Amino acid sequence: MKFKADEIASVIQKEIERFETQIDVREVGRVIEVGDGIAQVYGLSGVMSGEMLEFPNGVKGLAFNLEENSVGVIILGDYLKIREGDEVRGTGKLLQTPVGDAVLGRVLDPLGNPLDGRGPVVTNEFRFVESDAPGVADRQPVTEALQTGLKAIDAMTPIGRGQRELIIGDRKTGKTQIAVDTIINQKGKGVKCFYVAVGQKDSTVAGIVETLRKHDAMDYTTVIVAGASSPAPLQYIAPYAGTAMAEYFTYKGEHALIVYDDLSKQAVAYRQLSLLMRRPPGREAYPGDVFYCHSRLLERSAKLSDDLGGGSLTSLPIVETQEGEVSAYIPTNVISITDGQIYLQPDLFFRGQRPAMNVGISVSRVGGSAQIPAMKQVAGGLRLDLAAFRELEAFAQLGSDLDAATQARLDRGYRMNRLLIQGVCQPLDEIDQIFVIYAGTKGFLDDVALDDVQLWESEFLSWLRANKAELWERLKASKQKLGPDETAAIEATLTEFNDDVFFKNFASRSAS
C-alpha cells in the first residue's frame, strides 16, 4: 500500500490550522450525597455562593452552603436523576432567568422554561435572579396611584406605583382575588404584570390563568409557577426570578406590578432547605435569616429616580395567617418590611362583605399621596366614618332604644358597607368610584332600600355613561380636586338620577 506524501501533508496542514491552544479549564466536583432536593458535593473549592452548577442529564443546581470540605447544593429540577458519584461542574455564572417582551403572555417556571405548551422563550436578554435593591439615592417618593379597581381599597388603603402593600388573611378569604382584580384593572394603563404562584395547586393556577385570559389580561401578564408539586428549591427562587423579569421593565423606565402568592409558602420551602442543610433553626424552626430572605426580595420594589428613568415596581405580597394570628413570625416579619397591609377578616367574608377588608387594621403607609386628588377629597373621611359605624353597630346590638339621629347614622353605615361590596373580576374606573362613594357619603342613598343598593349602583353607572358622558370625561381628564362647579354637577347628576330614573322605575323595590 503506497502513501502519497502530498495527501499526508495536506491533512497535517489542516490539523495544524484547526489546532487551538485554548484549554478548557473547569472546576469539577463529585456528588457524595443526594436526596430531598439537595446534594452534598466534594471538590468545588473555588465555587461562589449562588453560582449555577451543572449536573448530568442537564439538571441545574445552585451553590447554597459553602462548607469547609463540601458544598451544599439545592437542585433546580428532578433530583431523582442524580446519583452519588456523578460529576458536577461549576459554570462561573450566577443564576439567570430570561427577560424581555418574550416572557409576556407566557406561563413559565422560575428558570424560564415554558409550561404553556407554546415553545421556548426566544430572547437574548437575561437578568440575574438575585440582584441588589436600589439605594436610597436611586429612589423617589411614591406619588402616582396604581388603581386596583376596588372601591374599598382605592378609597381607604390606596396603593401607589413603587409601593409594597401586603395582602394578609386566613385561607379562602379572597386574597388572590384582590390581586387578580388588580391585574385585570391594569388593562390599557401600560403596567406589565407578573403573578408568581408559590406552592399553589396546579388546578388553582390554571383557573387564574384562564380568568386572566378571559379578560384579555394575559397580553401584558407573565405567570411564574412553582406549584405544590414543584421541588422546594424552585419554590424558594420563584419570587426572585419573577422580580428579575419585572425589573427588566422597571429599569427601562416602564411600570410593573408583581404579585407573590404567597410568601408564607416560600418561607416554608426555605425552612425545608435550611433544615436539610443543617442550618440552625430559630423561632418556629425557621432559620435566622428568613427575614433577610424576604427583605432583600421586597426592597427591590421601588419608584426609581428620574436619573434612572423613573420606572416603578409595585409588589403585592400575600401572606396566609392561621386562625387570624397576625402576630405569628412570618406575618410580623413581612408587615414590618412592607408599606402597609390589607387585612381580610373571615367573619366579614362569610357575611358577604367582599372584599372582606378590616378597615381598622388595614392601612397604607403611603396614604393619600398615592390617591388622585378628587378621590382623596371624596373618600377622606370614609375610614373614620366606617370605624365609628362599627362601634355604633356593636353598641346597638345591646338592644337599647336608639334616637332618630343615631338610627340614621346606622342606616347610612349599612348602606355604605353594602355599597363597598364588589363582584369578582369587576374592577371600577376611578371616576365611577368617585361618583358612587360621593353618593354614599353625602346621603343620596338614604332613601334607597338596603337590598336595592347594588341595583342602584349598577343602574346609576349605566345611566351615567349613557347620559352624562361629557361630565365623566371632564373629570377623567382633570383628576384634580373637585371645585364648586364639579361638586354641584355631581350633586345635580345624582339628584336627577334618583328623582327621574330610579325612584320612578324601581319604586316598588325602594324605601321612601
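Residues numbered from 1 in each chain as written. Predicted model: local features only at pLDDT ≥ 70, side-chain atom pairs only at ≥ 80, totals over all residues. Heavy atoms only, no water.

## What to know about unusual backbone geometry
Following D261, the chain continues to D262 via a peptide bond in cis, the omega torsion being 0 degrees. The topology assignment puts D262 in the loop between β13 (255–261) and α6 (263–276). Positive phi, close to 55 degrees, is recorded for D36, a residue that is not glycine. Tracing the chain through its elements places D36 in the loop between β1 (28–35) and β2 (38–42). (Helix = DSSP H or I, 4+ residues; strand = E, 2+ residues; numbered from the N terminus.)

## A few points about the confidence of the model for the protein
Parts of the prediction with low pLDDT should not have their coordinates interpreted in detail. Scored by pLDDT, the protein has a mean of 91; 96% of the residues are at 70 or more. Confidence, read as mean pLDDT per element, is least for helix α1 (residues 5–18) in the protein (79) and greatest for strand β11 (residues 191–198) (98). (pLDDT = per-residue confidence, 0-100.)

## Structural notes on the side chain of N65
Positionally, N65 belongs in strand β4 (residues 60–66). Judged by its relative accessible area of 11%, N65 falls in the buried class. Side-chain polar atoms of N65 contact the side chain of R279, separated by 2.8 Å. Once residues lying within four places of it in the same chain are set aside, the contact partners of N65 are S70, V71, G72, M277 and R279. (Buried < 20%, exposed > 50% of the residue type's maximum accessible area, 1.4 Å probe, protein only. Polar contact = N/O pair within 3.5 Å; in protein donor to acceptor, adjacent residues only side chain to side chain. Contact = heavy atoms within 4.5 Å.)

## Concerning the packing of α6 against helix α7 (residues 290–298)
Running from N to C, α6 and α7 cross one another at 135 degrees; their axes reach a closest spacing of 10 Å. By the angle class used here, α6 and α7 are oblique. Of the two possible hands of crossing, α6 and α7 adopt the one that is right-handed. The segment α6 lies against α7, with L263, Q266, A267 and Y270 engaging V290, C293, H294, L297 and L298. Partitioned by chemical class, the residues of the contact of α6 with α7 number seven nonpolar, two polar and no charged. (Axes fitted to C-alpha atoms, helices over the stretch in contact; angles between N-to-C directions. Parallel < 35°, antiparallel > 145°, perpendicular 65-115°, else oblique. Left-handed = near helix turned anticlockwise from the far one by under 90°. Nonpolar A, V, L, I, M, F, W, Y, C, P; charged D, E, K, R; others polar.)

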